[in-house]
Amino acid sequence: MKRMKALLAATAILIAGSAAAQAKTLVFCSEGSPEGFDPAPWTAGTTLDASARPVYNRLIEFVAGSTDVAPGLAESWETAEDGLSITFKLRPGVKFQTTPWFTPTREFNADDVVFSFKRQLDKEGPWFEYTPGISYYYFDSTGMASGIKDIVRVDDLTVRFDLTRPDVTLLSSFPMGFASILSKEYADQLEAAGTKERLNTQPVGTGPFTFVNYQQDAVIRYEAFADYWEGKQPLDQLIFAVTTDPGVRQQKLLAGECDVVPYPNPADVQNLKDNPNLKVMQQEGFNIGFLAYNTQQAPFDRPEVRRALNMAIDKQAIIEAVFQGTGVAAVNPLPPTSWGYNEALTDDPYDPAAAKAALEAAGVSGLKMKIWAMPVQRPYNPNARRMAELLQADFAAVGVEVEIVSMEWGEYLSQSSRVDRDGAVLLGWTGDNADPDNFLGVLLGCEGVGSNNRAQWCHQPYEDLIQKAKITTDPAERKRLYDEAQAIFKQEAPWATIAHSIVTLPMRSNVTGFVQDPLGLHSFQGVDKAE
Amino acid sequence: MTESAASPPPVSPLLENWRYFARSRGAVLGLTIFLAMVLMALLAPLIAPHEPNLQYRDALLTPPAWTEKGRATFLLGTDAVGRDILSRILHGARYSLGIGLVVVSIALTSGVVIGLAAGYVGGKLDALIMRLMDILLAFPSLLLALVLVAILGPGLFNAMLAIAVVLQPHFARLTRAAVLAEKNREYVVAARVAGAGHLRLMFRTILPNCLGPLIVQATLSFSHAILDAAALGFLGMGAQPPTPEWGAMLAEAREFITSAWWVVTMPGLAILITVISINLIGDGLRDTLDPKLKRS
Amino acid sequence: MLLFILRRLLLLIPTFLGITLLAFLFIRMLPGDPVLLLAGERGLSPERHAALLAQFGFDQPMWRQYVDYIAGLFRGDFGISFSTKRPVLEEFMARFPATLELAFCAILLASVLGIAAGVLAAVRRGSWIDQLTMGIALVGYSMPIFWWALLLIIAFSSTLGWTPVSGRMGLAYYFPDVTGFMLIDSWLSGRPGAFKSAVMHLILPTIVLATIPLAVIARQTRSAMLEVLGEVYMMTARSKGLSPLRVVGLHALRNAMIPVVTTIGLQVSVLMGGAILTESIFSWPGIGKWMIDSISRRDYQVVQGGLLLIALVVMLVNLTVDLLYGLVNPRVRRQ
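Residues numbered from 1 in each chain as written. Chains lettered and ligands numbered in written order. Predicted model: local features only at pLDDT ≥ 70, side-chain atom pairs only at ≥ 80, totals over all residues.

Enquirer: Is there a simple way to explain the sheet that holds strand β1 (residues 25-28) of chain A in this structure?
Expert: In a beta sheet, neighbouring strands pair by backbone hydrogen bonds and run either parallel or antiparallel. Residues and elements named next belong to chain A. Pairing within the open sheet is mixed, and its four strands lie in the order β1-β10-β9-β8. Of all strands in the sheet, those with a lone pairing partner are β1 and β8 (209-215), marking the two edges. Here the average twist between neighbouring strands, direction ignored, is 20 degrees. (Pairing = 2+ DSSP bridges. Helix = DSSP H or I, 4+ residues; strand = E, 2+ residues; numbered from the N terminus. Axes fitted to C-alpha atoms, helices over the stretch in contact; angles between N-to-C directions.)

Right, dumping it as C-alpha cells:
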C-alpha cells in the first residue's frame, strides 16, 4: 500500500513536471449501461464498475487483486468483546470531489458514514426511497439490514455500528460497492433543493475519479480527482464506452478504439493471446456453476443416485465446448481461490459404465428427468443451453432421458426456488465477498430452502458446521469447520459441481498497472498507459 | 382447319398463367431453387451425412472440407459442439420452410376470414375491425413480434404465432378492399338474387375473384416469415437449441464471427438463397396475376 | 382540405386509445417479474417484493391501473423505468435523436440511390443494367440484415479498417449535447475532425438500415416509371420531339413520384423494426436497442411507454404521407 502511494506521488510529480504532455485517456469498453450512479440500490457488476469503483471509497477496501482487505476511509476498526458492536476510526483529511453541481465546504467525517448506511437501514428516513421503486438489495442480502441495530456517531472521526447479534461474516461485506461512502453535505443540498433523485445521476464521492457526464447508453466520462487522498491517478481521463456485443467489443479492441475490454467471446481468447498488440490477463473467477438436483424429489432424494449421475458427466467436454477452455472443472462448491477451499477432496471420476452400474444397483431404470437451462449468459456459465445439450447426451449414455427446460430469466429464478420444482437446475453464484459463508451458507444452508438453496437440501450435520463457523472468530478453526462441511457436501452430492470460469481480460499492450480483481470488478486505480 | 393458326383453341386460365409465368427466367429459376429446397427438406434424413444433433466431441469447430484443416466427412465443417453443419442446414430447411408454411396458413386463413367479414358485413363491424388492424400496423412488425414472443415465451411455435399475428392485417386489408370492389358487381348481385346464402356468397362467389393479390401477398409473407423467424432466433427469442433452425444457428454462431467464419456464413447463406428464390417466385406471380402490370 | 386534415386527425384518436389499451394489456400479460430480475441470483424476501410491486401500483386492480395510466399520459407522464428509476419520457428523449439521425440518413440514402437506380433500370428496360440493378435489389430485399451487418463489420472494420466498429462518435472528441444529433453537434463544436468522425460512424449502420428500403424503393420506382412511360401523354410528349432527358426527367419522374413517396413513407415503420437489429449490432444508443434491452429486463413501464411513443411516431409519419398524398392527388380527398 505504502509503496503504491509513493509510486502514485512520484507519477503525480512527473505529470505535473510535463504539463504540456497530452492528457492521458484510457477507454474501457464496458458490456452494458449502468442503471444509475448510486452504488447502493443496484447489483449489476456493470453498474458498480461505473459508480462504486471510480467515484467512491469504502471504510474498508479490498487489496487490489485479492480478496484480502485493507484500510480505506477507516484507518482501523475493532469488534467489541461480546461481538455486538464494531467501532471504526476514520481517516482524517479526506476530501470530497468538486463538481459543477457541488462544492464541498468540509472534509469527510462521521456524518457521511452515518448517512451512507442509515439511509439504507432506516425505512422511515427521508432517503430510504428517495426515488420511486428503489431497493437496497445487497444491504438486505448480506444480512446488514437485519444484523445492524444502529449506527452511532461517537465523535468527528469515530463511528460505532451496534449489532443485533454476533456475526463475523458482516465485516467482510464492508468492502462491497453498496457500502460506499457518500457526502452528507451533498445530500443535504439536494434535499433542500428538492432534487433528491440527482444523488443517482450526479454522483459525488471521495474516489480516484470525478464523474463528468454520461451520454445515455453510449459514453461515461471521468477525470482524475486531483485532491484524491491517495494522490492523483496517473490517468487524466477515464472513459467507459458502452459496447454490448462481445464481437463488436473485440473489433474495437483490435482497432485501438478500446484499451481494455471485459468478457471476450471464449472462442476468441486464443487469437487475442496471439496478437502482439494485446495482452490478455486471466484469472480464476470467484464463482461456481452447478447443476442442483431437487433433493426432495424421488429418486434424487437418494445420495447414491445423485453421485451416480455426477459420474456420468463429462466435465472436460463441457470445459471445451461451453467454456472454450476458459474454465476449470469444479470439485467443491467454493472456488479454489477462496481461503476456505478444501484441497484434500477429489472430484468424482467420469465413468459412464460405473455410473450405469450404480444406477442399476440403486434400482433406478428408465429414468426421465428435466434439466433447467437459463436463457442468459452468466459469468459462471457462458452458455447454459449448450451445457444442457451436453448433459443431455451424457445422461442418455447411462440410460437417463433428459428434457431441457428453459424460461424467461426472472421466471427461471423464482420457479427454480420452489421446493416442489421438477428436475435439476443449472445455476451458479459469483462471490460478493471473501467469506466462505457467502457460498457454503447462502447456497446450501437450511435457511435457503425455498429460495437460494436450489437443491432444497437441508442436512443437519452440514448445517451445524456452517452455523458454528459463522460465530467462530479464530480463522484456523473456521477453516477446519468449512473443510469438514465440504467433505460432507461431496459425500452427499446435492449438486453436480460443474466449473469455475476463468475470467479473461484482454487489453492493449501499452496499458500498465492493471490488476485483475478476483471478484470480477474492474477498478482503474493505479492504471497507466505507456506512450 | 387453316383458321386454327390464327385463333388458337381456348386454353384454361391456369395453363395461360403458367405460360406467362414460365416466360420469366427469374421466376423459373426461383421455382427451381425452391423445389430443390423442398426436396432437400423432405429427403433430409436420407441425404444428410450425419445426425443433425450428434456431437462429434473430437471434431469441435472443424473448418469446411476444402480448407487446409478440413475433414472430408464434414463438408461444410462443424459447429462449437462438433455437429455437422451441412446436416444441420439440410434439416434446418425443414424448419424454415415449415415456418413459412405454418405462418402463411395461419395469417392467410385468419386474415381472409376477418377481411371478408369486415368487407361483406360493413358498418360498425367493419370500422371496428379496420381500427384494430390499424393499431396492429402502427407497431413496427419486428417490435410487435418481439413483444408477443416475450408474452408467449420463447420457442419456435410461439415465434410462428407471433409472426402470423403481425402479418395477418395485410391479408385482412387486401381481402376487405377486394370484397368492397367486388361486392356490388353484377355477378354477385345475380348470385344473391338467386338465393345464395351469406357464407356461400362470401366464400364461393366473392373470394375466388380476389385470389390474385392474396396469392402474391402470401408469397411475400412466406419470405417475410422466414426472415422474421430468423431475426427472432438471432435475438434468442425464436427456435430453441438444439433445433437446427437457421436463425438460431446464426445466433449460436455469433460468438465465432472472427474465429470460425463458416459457422456464421453457412446458415446466413441458406437463409438468403431461400428468401431470394421465394421472392423471385413472388415477382413472377405478381407479374402473372396482376393484370395491370401484364399489359406493360 | 382543412376538413380532410381534421377528419384524419380525429380518426387518430380512437386508434391511439386502442394502442394504449393494447400496449397496456401486452405488458400485463408478460411473464416474469422485473423486481426479481433486479435481485438476480440473490433473491428477495417476499415482504420486500410485495412492497416494491406496490410502489409501482401493481397491487391495484387492472382497470384502476389503466385509468391511472391514461390520466398520467395526459400529464405527459409515461411512468418510471424500473431499472433506472427515471421517467420513461426523459429516457426516450435522450435516445430518440440517435435513432432519428440514423433513420434519416438511411431513408435519404435509400431514396436517392433507390430512385436513381429505379429510373435507370426503367429507362434501360431489359438491358443488362436493368437486370443487374434489379438483381441487386432482389438480393437486398431478401437480405437477413443482422447477418449482413456482421459481414460488413468483418470486411470494412476489422479487415480493411476503414470504418469504426460501433458507436456514434470518436471518443477523443467531447462536446456538449446541443441538439442530440451528432452530425450537427459535432459541426457546431468546431473541433477539427469531429464532424468527419460522426460521418464515419454513421456509414455502416446507415448502409445496413437502408438496404431493404433501398431495394423496395428501387423496385417501386422502376415499376412506377414503366407505367408512366407507357401512358398516352408520354407518347405525345415524345412525339412532340422533346429530348429523352426532358421526357424522363420532367414528365415521367414527376408523375411516377406519387406512389414512390407513399412507399418511402411506409418504410418508416420498416426502419423502426430494422433499427432494433441494427442498433443492437452497432451499439447505437437509440430507441431500438433500448426497447430490446427493456424487453429482456422486463422493464414494464419502458416497454409500454416505448411501444406507445414509437407507434405515435409511425402514425404521425403515415398521417403526413397521407396528407401529402391528398395534396398532390385531389381524388383521394373526396373518398
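Still more to cover.
Enquirer: How should I be thinking about the interface of chain C and chain B in this particular structure?
Expert: Many descriptions give the size of an interface as the accessible area lost when the pieces come together. Taken together, the contact between chain C and chain B spans 38 residues of the former and 34 residues of the latter. Those elements that provide at least two residues to the side of chain C that touches chain B are α1 (2-29), α6 (128-141), α7 (145-159), α9 (194-229), α11 (244-281), α12 (287-297) and α13 (300-328) of chain C. Within the side of chain C that touches chain B, the residues separate by chemical class into 29 nonpolar, eight polar and one charged. (Contact = placed C-beta atoms within 7 Å. Nonpolar A, V, L, I, M, F, W, Y, C, P; charged D, E, K, R; others polar.)

Enquirer: What exactly am I supposed to notice about the sheet that holds strand β5 (residues 85-90) of chain A here?
Expert: All names here are of chain A. Spatially, the four strands line up as an open sheet ordered β4-β5-β7-β6, and their pairing is antiparallel. Every interior strand has two partners, whereas the edge strands, β4 (74-79) and β6 (148-155), have only one. Between one strand axis and the next, the sheet turns by 20 degrees as a mean value, whatever way the strands run. The strands touched by helix α4 (residues 110-121) within the sheet are β5, β6 and β7 (158-163), with β6 carrying the most contacts at an inclination of about 165 degrees.

Enquirer: Please clarify how the interface of chain C and chain A should be interpreted in this entry.
Expert: Between chain C and chain A, the residue contacts involve 42 residues of the former and 41 residues of the latter. For the side of chain C that touches chain A, the secondary structure elements donating two or more residues are α2 (34-39), α3 (46-55), α5 (88-123), α7 and α12 of chain C. Of the residues forming the side of chain C that touches chain A, the biggest block, five residues, is contributed by α2(C). In terms of residue class, the side of chain C that touches chain A is built from 20 nonpolar, 13 polar and nine charged.

Enquirer: Is there a simple way to think about the packing of α1(C) against helix α4 (residues 62-74) of chain C in this case?
Expert: Residue and element names in this part refer to chain C. Relative orientation of the contacting elements α1 and α4 amounts to 130 degrees, with a least axis distance of 11 Å. It follows from the interaxial angle that α1 and α4 lie oblique. In the crossing of α1 with α4, the sense of the turn from one axis to the other is right-handed. Where α1 abuts α4, its residues Thr20, Phe24 and Arg28 lie against Met62, Tyr66, Tyr69, Ile70 and Leu73. Broken down by class, the residue content of the contact of α1 with α4 amounts to six nonpolar, one polar and one charged. (Parallel < 35°, antiparallel > 145°, perpendicular 65-115°, else oblique. Left-handed = near helix turned anticlockwise from the far one by under 90°.)

Enquirer: Which parts of the structure should I look at to understand the confidence of the model for chain B?
Expert: Interpretation of the predicted coordinates at a detailed level should be avoided for regions scoring low in pLDDT. Residue and element names in this part refer to chain B. For chain B, mean pLDDT is 84; residues scoring 70 or higher make up 94% of the total. Confidence, read as mean pLDDT per element, is least for helix α12 (residues 291-295) in chain B (47) and greatest for helix α3 (residues 85-121) (92). Considering only residues more than four positions removed or in separate chains, one finds that residues 1-5, a stretch of pLDDT under 50, has zero contacts. The ipTM for the predicted assembly is 0.84, set against a pTM of 0.80. (pLDDT = per-residue confidence, 0-100.)

Enquirer: For this particular structure, what's the right way to read the environment of B:Pro45?
Expert: Residues and elements named next belong to chain B. Secondary-structure assignment places Pro45 in helix α2 (residues 25-47). Assessed through the 12 C-beta atoms surrounding it within 10 Å, Pro45 is described here as exposed. Counting along the chain gives 45 residues from Pro45 to Leu90, while the straight-line C-alpha distance between them is 8.5 Å. (Buried ≥ 20, exposed ≤ 12 C-beta atoms within 10 Å, placed from the backbone.)

Enquirer: How should I be thinking about the environment of B:Val102 in this particular structure?
Expert: Position of B:Val102 relative to the elements: it lies in helix α3. Residues B:Val102 and B:Glu16, spaced 86 residues apart in sequence, show a C-alpha to C-alpha distance of 29 Å.

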